[in-house]
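Listed below, chain by chain, are the residues.
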Amino acid sequence: MIKPAQHIYQAVPYHAGKPISALARETGIAVKNIVKLASNENPLGMSTKAMNAYIDASAALSRYPDPDGYDLRAALSESLHLDQDHFILGSGSNEILDMAASTFLNSNSACVYSQYAFIVYAQATQRIGAKHVVVPALGLGHDLDSMIASCDADVRLLYVANPNNPTGTYISPNAVEKFLERVPKHVVVVLDEAYNEYLPIEMRFDSTVWVRKFPNLLVSRTFSKAYGMAGLRIGYGIAQPALINWMNRVRPAFNVTTAAQYAAIAALGDQDFLDKSFEVNRAGMRQLQTGLDRLQVKWHPSHANFLLAYFENASQVNASLQQIGIIVRPVAGYGLTSHLRISVGLEKENARLLGALEEILGR
Ligand SMILES: Cc1ncc(COP(=O)(O)O)c(C=O)c1O
């Protein structure tokens, strides 16, 4: 009988938001009538410039991709004003998070992350068989002081999400900087900025300043969210070259496709699309918050492109929504059994969700 490695017995597969095609199969509802507000995707799709670059890439697909993503790293270098050797590409930022665990953890070491933090941190740790140090949340956010206090000699990696998924909580630049100054130098900090582009300018900080200052910092970013390219699987890490060099030792061969590399370069050059995505998200967030208030549904303030809403019977509300073709995200896996996470959609999608909730809740 085959057996997995010992630490895999406790591992759980990643449960993603239900795909539109799966709900269509299960309910018979036509794909075009299904609204998906479950995976924090960009409801505008992706930029036309990126789409055209993706189509251009089709002529190059008989060859393997550039294994080092030279042109995309050059574009990132130009856009973020750091040399190319500060960047590593991943199949989604998920792979960056995973590679950090493979590079810096083993079964004798430990990883620190917060209760309610993005679930991939637990999974990446589990896959290595390292110890988990889960620090109780402060409200729904990270307790940075306790996270530092948990960094004993075994701890080699620590994840911070800013903003965090699924809670939408945010840490100010001042607090991040103080934290980075105090974290023991033997601990690599992964600062996960998957939703960075959704922050208003006054709440953002140029994290490359921290990268220059802290040799133990890895910032992860993605093209899946505000850039609208979740299906292409492309993200990147930013750190000092020594840290990037260690990670390149575990990076799988040809981990980022040619199409993703081409499209990401074009996406970086389309600021108008990014601005529009930001605006649509702000307006949609206001629409959802006002609508939920009207229905007397409690929600938590969020700094990303989703929010957590409170329902006494969340799983039943979720099932009722699915029956009429609306997909949101249960978060019971995080211990948040009375919440659903709702991604911000287009105006008409948000309106359809709010209308459906009004009926289901009888308000
Ligand atoms: C906080 C956070 N980090 C990272 C990711 C990974 O996204 P991707 O692998 O698509 O870049 C997600 C996706 O939901 C996320 O919410």
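Everything that follows concerns the structure shown earlier in this document.
Cut-offs and rules
- Residues numbered from 1 in each chain as written.
- Predicted model: local features only at pLDDT ≥ 70, side-chain atom pairs only at ≥ 80, totals over all residues.
- Heavy atoms only, no water.
- Pairing = 2+ DSSP bridges.
- Helix = DSSP H or I, 4+ residues; strand = E, 2+ residues; numbered from the N terminus.
- Axes fitted to C-alpha atoms, helices over the stretch in contact; angles between N-to-C directions.
- Core = buried A, V, L, I, M, F, W, Y, C linked by side-chain atoms within 4.5 Å.
- Buried < 20%, exposed > 50% of the residue type's maximum accessible area, 1.4 Å probe, protein only.
- Contact = heavy atoms within 4.5 Å.
- Phe/Tyr/Trp six-rings, centres within 6.5 Å; stacked < 30°, edge-to-face > 60°.
- Arc of directions from axis to C-beta.
- Salt bridge = Lys/Arg side-chain N within 4 Å of Asp/Glu carboxyl O.

Moving on, we get to the sheet that holds strand β11 (residues 329-331). Taking strand neighbours across the sheet as the criterion, the 3 strands line up as β9-β12-β11 in an open arrangement whose pairing is antiparallel. Each end of this open sheet is capped by a strand with a single partner; those strands are β9 (306-310) and β11. Within the sheet, the average angular offset between the axes of one strand and its neighbour, ignoring direction, is 35°. Bridge count for β11 against strand β12 (residues 336-343) is 3 bridges, and the pairing is antiparallel. Bridge pairing in β12 places Pro 330 opposite Leu 340.

What follows concerns the nonpolar core. Membership of the largest hydrophobic core comes to 54 residues, with the highest contact counts inside it found for Leu 158, Phe 179, Leu 217, Phe 223, Met 229 and Ile 234. At 6 residues, the largest contribution of residues to this core is made by helix α10 (residues 258-268). In contact with Ile 234, other than residues within four places in its own chain, are Leu 72, Gly 90, Ser 91, Gly 92, Thr 222, Phe 223, Ser 224, Met 229, Val 256, Ala 260 and Ala 264. Listed in part, the 33 residues of the second largest apolar core include Ile 88, Phe 104, Ala 130 and Val 331.

Next up on the list: the packing of aromatic side chains. In this description, a pair of aromatic rings is defined by centroid distance and the angle of the planes. Under the defined criterion, the tally for this structure stands at 8 aromatic pairs. Ring centres of Tyr 64 and Phe 254 lie 4.5 Å apart, and the angle between their planes is 20°; this geometry places the pair in the stacked category. Residue Tyr 64 is found in the loop between α2 (48-57) and α3 (70-80), and its partner Phe 254 is found in the loop between α9 (241-248) and α10; the two are separated by 190 residues along the sequence. Judged by relative accessible area, which is 66%, Tyr 64 ranks as exposed. Aromatic pair Tyr 121 and Tyr 159: ring centres 4.4 Å apart, planes at 5°, arrangement stacked. One end of the pair, Tyr 121, is in helix α5 (residues 120-128); the other, Tyr 159, is in strand β5 (residues 155-161), with 38 residues separating them in the sequence.

Moving on, we get to the sheet that holds strand β8 (residues 235-238). Sheet strands pair by backbone hydrogen bonding; their relative direction is either parallel or antiparallel. Across the sheet, 7 strands lie side by side as β2-β8-β7-β6-β5-β3-β4; this open sheet has mixed pairing. Each having just a single partner strand, β2 (87-90) and β4 (131-135) make up the two edges of the open sheet. Mean inter-strand twist for the sheet, computed between neighbouring axes without regard to direction, equals 20°. Note that strand β6 (residues 188-192) and strand β7 (residues 217-222) share 4 bridges and pair parallel. Bridging across to β7, Val 189 finds its partner in Leu 217.

Pro 163 follows Asn 162 through a cis peptide bond whose omega is -10°. When you line up the elements, Pro 163 lands in the loop between β5 and α7 (173-182). Each neighbour pair has its own omega, and for Asn 165 with Pro 166 the value is 15°, a cis peptide bond. Take Pro 166: it is sitting in the loop between β5 and α7. Of note, His 81 is a non-glycine position whose phi angle comes to about 60°, a positive value. By the secondary structure assignment, His 81 is in the loop between α3 and β2. Of note in this structure, Phe 254 is not a glycine but carries a positive phi near 50°. Judged by relative accessible area, which is 37%, Phe 254 ranks as partly exposed.

This part covers helix α12 (residues 314-323). Of all the positions in α12, only Ala 314, Val 317, Asn 318, Leu 321 and Gln 322 are classed as buried. For α12, the arc enclosing every buried residue in end-on projection is 135°, short of the 170-degree limit, so these residues lie on one face. The outward face of α12, more than 90 degrees from its buried face, is lined by the exposed residues Ser 315, Gln 316 and Gln 323. Residues of α12 that are buried in the fold lie against α1 (20-27), β10 (326-327), β11, β12 and α13 (347-361). One or two steps after α12, the chain reaches Gly 325, where phi turns positive at roughly 85°.

On to the pattern of salt bridges. Close approach of charged atoms allows side chains with opposite charge to pair. Under the definition given, this model contains 10 salt bridges. Arg 127 is the partner of Asp 98 in a salt bridge, and the nearest nitrogen-oxygen pair spans 2.6 Å. Taken together, the positions of Asp 98 in helix α4 (residues 92-104) and Arg 127 in helix α5 put the pair 29 residues apart, joining distant regions of the chain. Notably, a salt bridge pairs Lys 213 with Glu 177, separated by 2.6 Å at the nearest N-O pair. Here the residue Lys 213 occupies a position in helix α8 (residues 207-213), and Glu 177 occupies one in helix α7, the gap between them amounting to 36 residues. The class for Lys 213 is partly exposed, based on a relative accessible area of 44%. In the salt-bridge network here, residues are joined through shared partners; they are Glu 177, Glu 181 and Lys 213.

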